[in-house]
Amino acid sequence: MRIAIFVAAALLTPAAALAQTSAAERWEALIRQSPCDWLPATTVAPLVGEGVKAQLRTTRADVSCVWRTAKGNPVLTASVVKWDTPANLVAERDSTLQQIAQYGGGRFSATRSPGGAATLVMRKDRGRLTLFPHTSGAVAAITVNPHVVLKEDEAQKEARRERASAFADALVKAHGL
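Residues numbered from 1 in each chain as written. Predicted model: local features only at pLDDT ≥ 70, side-chain atom pairs only at ≥ 80, totals over all residues. Heavy atoms only, no water.

> Is there a simple way to explain the pattern of salt bridges in this structure?
Once their charged atoms are close, side chains differing in charge can pair, the charge on each being opposite to the other. Counting across every chain of the model gives five salt bridges. R161 is paired through a salt bridge with E154; the nearest N and O atoms lie 3.0 Å apart. Linked through salt bridges whose partners overlap, the residues forming this network are E154, E158 and R161. (Salt bridge = Lys/Arg side-chain N within 4 Å of Asp/Glu carboxyl O.)

Shown next as C-alpha cells:
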C-alpha cells in the first residue's frame, strides 16, 4: 500500500503536487532551499543576463544568492531573511502595510500573491521587494534586491525594479504561493 501511494505521489504533475500541500508547507519548503536553487537557470538567465554567475552567501541573519556580472557587479540578490520570533515578522509586515494605508503608495506598494500565501511589498525608491508569509509560525521572509543605483537615470532604475518583480512573480508561480 505504501509503495502505491509513493508511486502515485511521484507521478503527480508539479501543479498537482503543489495542490496537495498547504501554503504554509510550500513556504517552509521554499525557505529551506538555497535561494540559488529556487528557479531553474532557464528562468533566471533572461532576468539577470548572459554570463551572470550565482554565488551563495550565508550570514547569521540571512542566506542569499547574489547574481553577479563578470566584473563582479551585483545584478540581483534573493535572500531568506530571518526574524527572531513570528510575532516580530508579523509586526514588520503589518507596520509596512499600515504605512501604505496611512500615507498612500508613494514609498511602498503591496499586493497579495495569487495563491494567498504571501504579501509582496516593494519599496519603490530602492526596488527591494519583500515577500511576507501568511503563516502563523513563520520567522523568515524573502527579499529580492535588484540593486538600484541612485545615480542611474529613471529608465535604468525602472528596469531593475521590473527585474525584481519578474523574479518574484516567477518564484510565486513556480512554488504556488
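> Explain the confidence of the model for the protein chain here, please?
Regions with low pLDDT carry predicted coordinates that are not meant to be interpreted in detail. Confidence along the protein chain averages 86 in pLDDT terms, with 89% of residues attaining 70 or more. Overall, residues 1-13 carries pLDDT values under 50, and its contacts beyond four positions in sequence, including any with other chains, amount to two contacts. (pLDDT = per-residue confidence, 0-100. Contact = heavy atoms within 4.5 Å.)

> When you look at helix α4 (residues 41-48) in this model, what are you seeing that I'm missing?
Each α-helix winds once per 3.6 residues, and so residues spaced three or four apart point in a common direction. By the burial criterion, the buried members of α4 are V44, L47 and V48. The buried side chains of α4 occupy one side of the element, clustering within an arc of 80° when seen end-on. Opposite the packed face of α4, turned more than 90 degrees from it, sit the exposed residues T42 and P46. If you follow the buried residues of α4, they end up packed against β2 (62-68), β3 (74-82) and α6 (154-175). Of the residues one or two after α4, G49 is the one with positive phi, at around 105°. (Buried < 20%, exposed > 50% of the residue type's maximum accessible area, 1.4 Å probe, protein only. Helix = DSSP H or I, 4+ residues; strand = E, 2+ residues; numbered from the N terminus. Arc of directions from axis to C-beta.)

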